[in-house]
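What follows is each chain in one-letter form.
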Amino acid sequence: HPALSRRYVLCEVVSEDPRCRQCIEDRALGLAVRDAIARVHGDYGLACCSISFTGAGETGGPGGAGSLQVRSAVRVSLVVKYLNAYTGTVLLRCRKDSYRLLCSALPFVRSLESRAQRYPCFLNTLHVGGTIRTCQKFLIQYNTTQLLRLLQNCTNEEERQCIQKSLLSCSLTEEQSQSGDEEEDDGTE
């Protein structure tokens, strides 16, 4: 089947409550995003962002030699690919043709629910990329910039040394196998 074009949306969870980030779960985040899409774009937007049809093909089915039998598999299109509860970094994957619907609904995520608690927050979209790798590269640059800003606001030498150490550790290590990057999804979501 033809390769599906996808977009990866890199976001950060912003909340004044420090417990919010610690309690984030990918399932709760996915539900909050889907709920925002449904509120903003209705059933149409939710269907565009949530479902993709793949695997249409022509076979000689039971209807005779020339009949067309269309087989399709329904897959979830909107997926939380990565979530770091410590930093609040989130990577969402969706189909290329529906990423604008997703991005326009993200500002309407106003809270996350986890363990029977509701935490007010919002999602700040940092980057939209075609691969996970481009999002990783952007995130390294973004974190480096944020650390440099913190470095300028240091009040003592201990803080300055800690941030300088973090700055030196900002790099993207090469994967052992460079074959195919991250584009090879096995479709098990």
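Quick look at the structure, then. Treat the numbers as computed from the prediction; the structure is a model and nothing was measured.

1. As for the pairing of strand β1 (residues 6–14)
- Most of β1 is tucked away: eight of the nine residues are buried.
- Bridge analysis of β1 against strand β5 (residues 89–95) gives seven bridges, and the strand direction is antiparallel. Looking across to β5, one finds that arginine 7 is bridged to cysteine 94.
- Pairing between β1 and strand β8 (residues 122–129): seven bridges, direction antiparallel. Bridge assignment links leucine 10 to a residue of β8, and that residue is histidine 127.

2. Quick look at empty space enclosed by the protein
- Within the structure shown, the criterion is met by two cavities of 30 Å³ or more.
- Estimated volume of the second largest cavity: approximately 40 Å³.
- Lining the second largest cavity, in full, are Cys20, Cys23, Ile24, Glu25, Ala28, Leu29, Leu112, Glu113, Ser114 and Tyr119.
- Within the residue set of the lining of the second largest cavity, elements represented by two or more residues are α2 (26–50) and β6 (111–114).
- Residue contributions to the lining of the second largest cavity peak at three residues, all from β6.

3. Focus on the environment of asparagine 156
- Tracing the sequence through the fold places asparagine 156 in the loop between α4 (132–152) and α5 (157–168).
- Polar side-chain contacts of asparagine 156 include one of 3.2 Å to the backbone nitrogen of glutamate 158.

4. Observations regarding the packing of aromatic side chains
- Summed over the entire model, instances satisfying the criterion amount to one aromatic pair.
- Here the aromatic rings of phenylalanine 138 and tyrosine 142 are separated by 6.1 Å at their centres, their planes lie at 20°, and the arrangement is stacked. Residue phenylalanine 138 and its partner tyrosine 142 are located together in helix α4, separated by four residues, close to a single helical turn.
- Its relative accessible area of 26% is what places phenylalanine 138 among the partly exposed residues.

5. Comments concerning the side chain of serine 114
- Relative to the assigned elements, serine 114 resides in strand β6.
- Dropping the residues within four chain positions of it, serine 114 is found in contact with Cys23, Glu25 and Tyr119.

6. A short note on the layout of surface pockets
- Quantified by volume, the largest pocket comes out at close to 540 Å³.
- For the largest pocket, the lining is made up of 17 residues, of which Asn84, Thr87, Thr89, Leu139 and Asn143 are closest to its centre.
- Listed by contribution, the elements that provide at least two residues to the lining of the largest pocket are β1, β4 (79–84), β5 and α4.
- With seven residues, the top contributor of residues to the lining of the largest pocket is α4.
- Looking at which domains feed residues into the lining of the largest pocket, each of domain 1 (1–52 + 75–130) and domain 2 (131–169) supplies at least three.
- Space inside the second largest pocket adds up to approximately 260 Å³.
- Surrounding the second largest pocket, 14 residues form its lining, Ala32, Ser111, Leu112, Glu113 and Arg118 being those nearest its centre.
- Elements with a contribution of two residues or more to the lining of the second largest pocket: α2 and β6.
- Ranked by the residues each element gives to the lining of the second largest pocket, the list is headed by α2, at six residues.
- Split by residue class, the lining of the second largest pocket holds six nonpolar, one polar and seven charged.

7. A look at the pattern of salt bridges
- Evaluation of the coordinates by the stated rule reveals four salt bridges.
- With its nearest N and O atoms 3.0 Å apart, the salt bridge here joins aspartate 17 to arginine 19.
- The partner of glutamate 113 in a salt bridge is arginine 118, and the shortest N-O contact between them spans 2.8 Å.

8. Quick notes on the sheet that holds β4
- Spatially, β4-β5-β1-β8 is the arrangement adopted by the four strands of the open sheet, whose pairing is antiparallel. Only two strands of the sheet have a single partner each, and these edge strands are β4 and β8. Averaged over all pairs of adjacent strands, the angle between their axes in this sheet comes to 25°, without regard to strand direction.
- In the packing of α4 onto the sheet, the strands contacted are β1, β4, β5 and β8, and the crossing angle to β8 comes to about 120°.

About the criteria used
- Residues numbered from 1 in each chain as written.
- Predicted model: local features only at pLDDT ≥ 70, side-chain atom pairs only at ≥ 80, totals over all residues.
- Heavy atoms only, no water.
- Buried < 20%, exposed > 50% of the residue type's maximum accessible area, 1.4 Å probe, protein only.
- Helix = DSSP H or I, 4+ residues; strand = E, 2+ residues; numbered from the N terminus.
- Pairing = 2+ DSSP bridges.
- 1 Å grid on protein atoms, 1.4 Å probe; cavity = no way out; pocket = protein on both sides within 12 Å on 5 of 7 lines; lining within 4 Å.
- Points joined across faces, edges and corners; volume = space filled by probe spheres on them.
- Polar contact = N/O pair within 3.5 Å; in protein donor to acceptor, adjacent residues only side chain to side chain.
- Phe/Tyr/Trp six-rings, centres within 6.5 Å; stacked < 30°, edge-to-face > 60°.
- Contact = heavy atoms within 4.5 Å.
- Domains from an automatic or database assignment.
- Nonpolar A, V, L, I, M, F, W, Y, C, P; charged D, E, K, R; others polar.
- Salt bridge = Lys/Arg side-chain N within 4 Å of Asp/Glu carboxyl O.
- Axes fitted to C-alpha atoms, helices over the stretch in contact; angles between N-to-C directions.

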